[in-house]
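Below, each chain spelled out in residue letters.
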Amino acid sequence: MIRPPEPDVRHAEALRDRFLSTLCHELRTPLAAVGACSEILGAGSAMPGSEPFRRFQDVLSRESRRLVRLFEALIAFERTAPRTPGDGRAPVDLAELLAEAAFLLEPLAESRQVRLKLQACQADTRIQASRDQLRQLVLHLGSNAIQFTPQGGAVTVRLESDAHHVSLEVEDTGVGIPEEALERVFERFYQVEVPFRQGAGLGLALCRSIAESHGGDISVVSRIDRGSRFTVKLPRDRESQHEDIRVTTTKSALVRESGSAEPPFIPAETRG
Amino acid sequence: MAKAKILVVDDEIYIVHILDFSLGMEGYEVVTALDGEQALQKVKTEQPDLIVLDIMMPKLDGYETCKQLKSDPATKHIPVILLSAKGRNVDQRLGFDVGADDYITKPFSPRKLVERVNALLDETNPQRMQA
């Protein structure tokens, strides 16, 4: 969808306003649970030791932790979220950045017994970018992929490059994303329902925000029980970043089990 | 006379537990649903006397659920309280536009919510005997 042209600063402010408005909404539910449980327990209407009493204690504890996660996510977002397009940009070599991120992700991969593979690219992978923001983006995509990949699986991080763009891909052999969730994974506070869910649902929204503020986009293809591949496509030069921010959209697509025109994306050596 | 029956609809299971307990303590019979579609089914099978309905839910949101209930002659008489984290005036207006009888924002006090349920049931059925 093409946005009508507007000053970049106003656009950045609008993104931040939307974020704050969503955050206020998301805080209300755990606050409601904590407030209501405190009232019930304080009024003595649930007998200590009874099943409802234990249940409300459990709700208090879980929803307090959820509030903490939201708060931590807010801090992380405030620290790295782009304020205005072009903020703090300098030449960044993505190959170097990826090597650094892989070094930081290796302990997590090892602890979960997931192979982490880095596929470099011979071409020039330098772009004008905010190093901190892109580092955050790569670390989030990488750690997400590792967490959603079962023991013995693999996560591959690779770079591709053409005359106008550098693409960063993070591919896993993990659990995959359900079709109904694919369109929503980049929304703020959206979380795919999994038994071991963590975080506050802001990581991918932040990744999208960072990609878009660099004039790029982020997309995902996924197959249940086969894996997911996230692709971040970033323009090379600052001029195109400045222009593209008004017209980029975030795309999601599903690779179907059969009959798809999409080429298979999971490399043979990582299948099964 | 039978106890009034309340249908509680929310995709946050904790909120369902809280409402189930609080309304149960008041003597109401509580039935529950986790989304709008389930709620419409439960309304048919359970025929509740009042519905406490969340707005942001999967499948069918609270606005659409309320709109469908209020446009069906078989269910439009059932009072609906929207209970939502959407706290802006425009959200509340939209709630009343789709036919809600009351609107409560989260965070909420369970005691006050029970009072509103009591009041709305008294208002819509003055002959009602509380449980």
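Keep in mind that this is a model prediction, so the values were computed, not measured. (Residues numbered from 1 in each chain as written. Chains lettered and ligands numbered in written order. Predicted model: local features only at pLDDT ≥ 70, side-chain atom pairs only at ≥ 80, totals over all residues. Heavy atoms only, no water.)

1. Some details on the side chain of T149(A)
All names here are of chain A. What counts is decided by this rule: Each helix is a run of DSSP H or I of at least 4 residues and each strand a run of E of at least 2, with the numbering of both proceeding from the N terminus. Throughout this description, buried means an accessible area under 20% of the type-specific maximum (1.4 Å probe, protein chains only), exposed means over 50%, and partly exposed covers the range between. Contact definition: two residues touch when any of their heavy atoms are within 4.5 Å.
Along the polypeptide, T149 turns up in the loop between α4 (131–147) and β4 (154–161). You can call T149 buried: its relative accessible area is 2%. What T149 contacts, discounting residues up to four positions off in sequence, is R112, V114, A154, V155, D172, T173 and G174.

2. Some details on the sheet that holds strand β3 (residues 50–53) of chain B
Two strands in a sheet stick together by hydrogen bonds in their backbones, pointing the same way (parallel) or opposite ways (antiparallel). All names here are of chain B. The line we're drawing: If DSSP finds at least two bridges between two strands, the strands pair. Between N-to-C directions, angles span 0 to 180 degrees; the directions come from axes that are lines fitted to C-alpha atoms, helices contributing only their stretch in contact.
Within the open sheet, the five strands sit side by side as β2-β1-β3-β4-β5. Their pairing is parallel. Looking at the sheet topology across the chains shown, the edges are occupied by β2 (29–33) and β5 (102–105). Pairs of neighbouring strands in the sheet enclose a mean axial angle of 20 degrees, with direction left out of account. With four bridges connecting them, strand β1 (residues 5–9) and β3 associate as parallel partners. Looking at β3, one finds that L7 is bridged to I51.

3. Some words on the interface of chain A and chain B
Applied cut-off: As a working definition, buried area equals the accessible area (1.4 Å probe) given up by two parts on being put together, with both sides summed. Within this document, salt bridges are pairs made up of a side-chain nitrogen of Lys or Arg and a carboxyl oxygen of Asp or Glu, the two lying within 4 Å of each other.
In this assembly, 19 residues from chain A lie in contact with 19 residues from chain B. Between chain A and chain B, the buried area comes to about 1,700 Å², and carbon and sulfur atoms account for 69% of it. Looking only at chain A, the three residues that lose the most surface to chain B are H25(A), R28(A) and E39(A), adding up to 30% of its buried area. Where chain A meets chain B, there are one salt bridge.

4. Here's the deal with the pairing of strand β4 (residues 80–84) of chain B
All names here are of chain B. Rules: A crossover gets the label right-handed when its path from the first strand over the helix to the second runs clockwise, viewed with the strands pointing away from the viewer.
With five of five residues buried, β4 is to be regarded as a mostly interior element. Across the two faces of β4 the burial is the same, with V80, L82 and S84 and I81 and L83 all buried. Sheet topology places β3 next to β4; three bridges connect them, and they run parallel. Each bridged residue has a counterpart across the sheet, and for L53 the counterpart in β4 is L82. At this point the chain moves from β3, through helix α3 (residues 62–71), to the parallel β4, and the crossover so formed is right-handed. Bridge count between β4 and β5: four bridges; the pairing is parallel. Paired with I81 across the strands is D102, a residue of β5. Once you follow β4 into helix α4 (residues 89–97) and on to β5, the crossover reads as right-handed.

5. Focus: the confidence of the model for chain B
Interpreting fine coordinate detail is not advised for predicted regions of low pLDDT. The cut-off we apply is this: One number per residue, pLDDT, summarises how confident the predictor is, and it ranges from 0 to 100.
Averaged over every residue, the pLDDT of chain B is 91; residues scoring 70 or more account for 94%. Both confidence scores are given for the complex: pTM 0.60, ipTM 0.82.

6. Some words on the packing of α4(A) against helix α6 (residues 203–213) of chain A
All names here are of chain A. Applied cut-off: Roughly parallel refers to an angle under 35 degrees, roughly antiparallel to one over 145, roughly perpendicular to one between 65 and 115, and oblique to any angle outside these ranges. Two helices cross in a left-handed way if the nearer one is turned anticlockwise from the farther one by less than a right angle. They cross in a right-handed way if the turn is clockwise. Polar here means any residue other than Ala, Val, Leu, Ile, Met, Phe, Trp, Tyr, Cys and Pro, which are nonpolar, and Asp, Glu, Lys and Arg, which are charged; Gly is therefore polar.
Contact pair α4 / α6: the axes reach a minimum separation of 9 Å and the direction vectors enclose 140 degrees. Between α4 and α6, the interaxial angle falls into the category oblique. For the crossing formed where α4 meets α6, the hand is left-handed. Every residue of α6 that contacts α4 at Q133, L134, Q136, L137, H140, L141 and N144 is listed here: G203, L204, L206, C207, I210, A211 and S213. Across the contact of α4 with α6, the residue classes tally to eight nonpolar, six polar and no charged.

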